[in-house]
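Listed here are the chains, written in short residue letters.
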Amino acid sequence: MKDNNCIQVYVCLKHMGNITKEVKQYPLLLKNMPRTFRELINESVHACITAYKAHANSAPNPAPLTEEQFYGMREIGKFTFGVHYNENAIDEAKAIETAINAVQDGLVRVFKRNDEITDLDAELKITEGDVFTFVRLTMLSGRMW
């Protein structure tokens, strides 16, 4: 349920199990209006942790797999059934610090629509329905002969 202080934005994601191989927009409800990129990261991590906890609390009664989920999992070769085995508490402060470090180190790039956001402390204008894309860069390793 959305209250007056919340703002809904959209995050573009591509899940590995997604058969269509397309990037989809998912709603993300931010509890407070972020004024800077750093605050956007804080609010995004908080929203993701809240959603994770809600999903984990429903884990004792997982829903059956849909046909799309089944074929998506078959595609990647890993089947999961919504059961959360990790009972460790989530350290939200550590998660926020890790996310900010990933952005500072260049491991994650963030775009608002088509414009990259780089300065953590610059003022950020966010309106209801804005679309953000978080891109996690993967380092490839190997040998050169």
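Going by the structure above, here's the rest.
Because the structure is a prediction, the values reported are computed rather than measured.

**A few points about the sheet that holds strand β4 (residues 115-117)**
1) Next: Across the sheet, five strands lie side by side as β2-β1-β5-β3-β4; this open sheet has mixed pairing. Strand pairing shows two members of the sheet lacking a second neighbour, β2 (24-30) and β4, which therefore form its edges. The sheet shows a mean angle of 35 degrees between the axes of neighbouring strands, direction not considered.
2) Next: Of the strand pairs in this sheet, strand β3 (residues 108-112) and β4 are connected by three bridges, and their pairing is antiparallel. The residue of β4 that forms the bridge with F111 is E116.

**What about the environment of R136?**
1) Next: With respect to the helices and strands, the residue R136 is situated in strand β5 (residues 131-136).
2) Next: Overall, R136 belongs to the exposed group, its relative accessible area being 68%.
3) Next: A sequence separation of 30 residues divides R136 from G106, and the C-alpha atoms of the two residues are 8.9 Å apart.
4) Next: When residues no more than four places from it in sequence are discounted, the contact partners of R136 are L107 and V108.

**A word on the side chain of T36**
1) Next: Among the structural elements, T36 can be located in the loop between β2 and α1 (37-57).
2) Next: Among residues more than four places away in sequence, those in contact with T36 are L120, D121, A122 and L124.

Scoring rules and cut-offs
- Residues numbered from 1 in each chain as written.
- Predicted model: local features only at pLDDT ≥ 70, side-chain atom pairs only at ≥ 80, totals over all residues.
- Heavy atoms only, no water.
- Pairing = 2+ DSSP bridges.
- Helix = DSSP H or I, 4+ residues; strand = E, 2+ residues; numbered from the N terminus.
- Axes fitted to C-alpha atoms, helices over the stretch in contact; angles between N-to-C directions.
- Buried < 20%, exposed > 50% of the residue type's maximum accessible area, 1.4 Å probe, protein only.
- Contact = heavy atoms within 4.5 Å.

That's the geometry; what it means functionally is another story.
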